[in-house]
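What follows is each chain in one-letter form.
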Amino acid sequence: QVQLVESGGGLVQDGGSLRLNCRASGSSVSVRTMGWYRQAPGKQRELVATSASGGSPNYGDFVKGRFTTSRDNAKNTVYLQMNSLKPEDTAVYYCYARASTILYPTYEDYWGQGTRVTVSS
């Protein structure tokens, strides 16, 4: 199985920035798609940014150039640089990966426990 370890959430002022990190760990992890989703109270979980291995990132429509995702494939790590944050960005941000391992070779979807991002007005 694959474990996703997230970090970087916190409290930031309107217009501020945060950088989220997520690392996938396991036995010889092979990651295809990796990225971020978010869920605000009373709302559905929505795409923030994902990136297939060797492909271009896929961003949610709300991002509008404010967020940038990147991957370090050697470290099985994905980053989310969030700039110009707004109060409506307040949500729990979940790391996502579609991955497999030598001990568990089937590709499946994995989720982190989430890291909370709060943007104050």
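Here, the structure is the one placed above.
For every chain, the first residue of the written sequence is number 1, and numbering continues from 1 onward in sequence order. Selection of residues for local features in this predicted model requires a pLDDT of at least 70, selection of side-chain atom pairs for listing and counting requires 80 or more, and totals for whole chains, interfaces and linings are taken over all residues. Water and hydrogen atoms play no part in the side-chain values, which are based on all heavy atoms of the structure.

Attention now moves to the pattern of salt bridges. Just to be clear on terms, a salt bridge is a Lys or Arg side-chain nitrogen sitting within 4 Å of an Asp or Glu carboxyl oxygen. Counted according to the given criterion, the structure contains four salt bridges. In this structure, the salt-bridge partner of D89 is R66, at a minimum N-O distance of 2.7 Å. On the criterion of sequence distance, the pair formed by D89 in the loop between β8 (77–82) and β9 (91–100) and R66 in the loop between β6 (57–59) and β7 (67–72) is long-range, its members being 23 residues apart. Just as D89 is buried, R66 falls in that class too. Comment: elements are numbered from the N terminus, with helices defined as DSSP H or I runs of at least four residues and strands as E runs of at least two. Buried means the residue's accessible area, taken with a 1.4 Å probe over protein chains only, is under 20% of the maximum for its type, while exposed means over 50%, and partly exposed covers the values in between.

Moving on, we get to unusual backbone geometry. A positive phi angle, near 50°, is found at S28, a position not held by glycine. By secondary structure assignment, the location of S28 is in the loop between β3 (18–25) and β4 (30–39). Its identity is not glycine, yet S84 carries a phi of approximately 50°, on the positive side. Checked against the element boundaries, S84 lands in the loop between β8 and β9. The class of S84 is partly exposed, set by a relative accessible area of 40%.

Attention now goes to the sheet that holds strand β1 (residues 3–7). DSSP bridges decide pairing: two strands pair if at least two such bridges lie between them. One open sheet holds the four strands; their spatial order is β1-β3-β8-β7, and the pairing between them is antiparallel. The sheet is open, and its two edges are formed by β1 and β7, each paired on a single side. Shown here is a sheet whose adjacent strand axes are inclined to one another by a mean of 15°, direction ignored. Pairing of β7 with β8, which is carried by six bridges, proceeds in the antiparallel orientation. Note that in β8 the partner of T68 across the bridge is Q81. Axes, fitted as lines to C-alpha atoms, cover a helix only where it is in contact. Angles between the N-to-C directions of the axes lie from 0 to 180 degrees.

This part is about the environment of S28. Placed 26 residues apart in sequence, S28 and V2 show a C-alpha to C-alpha distance of 9.7 Å. Dropping the residues within four chain positions of it, S28 is found in contact with S100, T101 and I102. We call two residues contacting when some pair of their heavy atoms lies within 4.5 Å.

Moving on, we get to the nonpolar core. In terms of nonpolar packing, the biggest core is built from 29 residues, with L4, M34, W36, F67, L80, M82 and Y93 touching the most fellow members. Counting only elements with at least two residues in this core, the list comes to β3, β4, β5 (46–52), β8, β9 and β11 (115–120). Tallying contributions element by element places β9 first for this core, with five residues. Once residues lying within four places of it in the same chain are set aside, the contact partners of Y93 are E6, L20, W36, Y37, R38, V48, F67, L80, M82, G114, T115 and V117. We call a set of buried residues a nonpolar core when its members are Ala, Val, Leu, Ile, Met, Phe, Trp, Tyr or Cys and they connect through side-chain atoms within 4.5 Å of each other.

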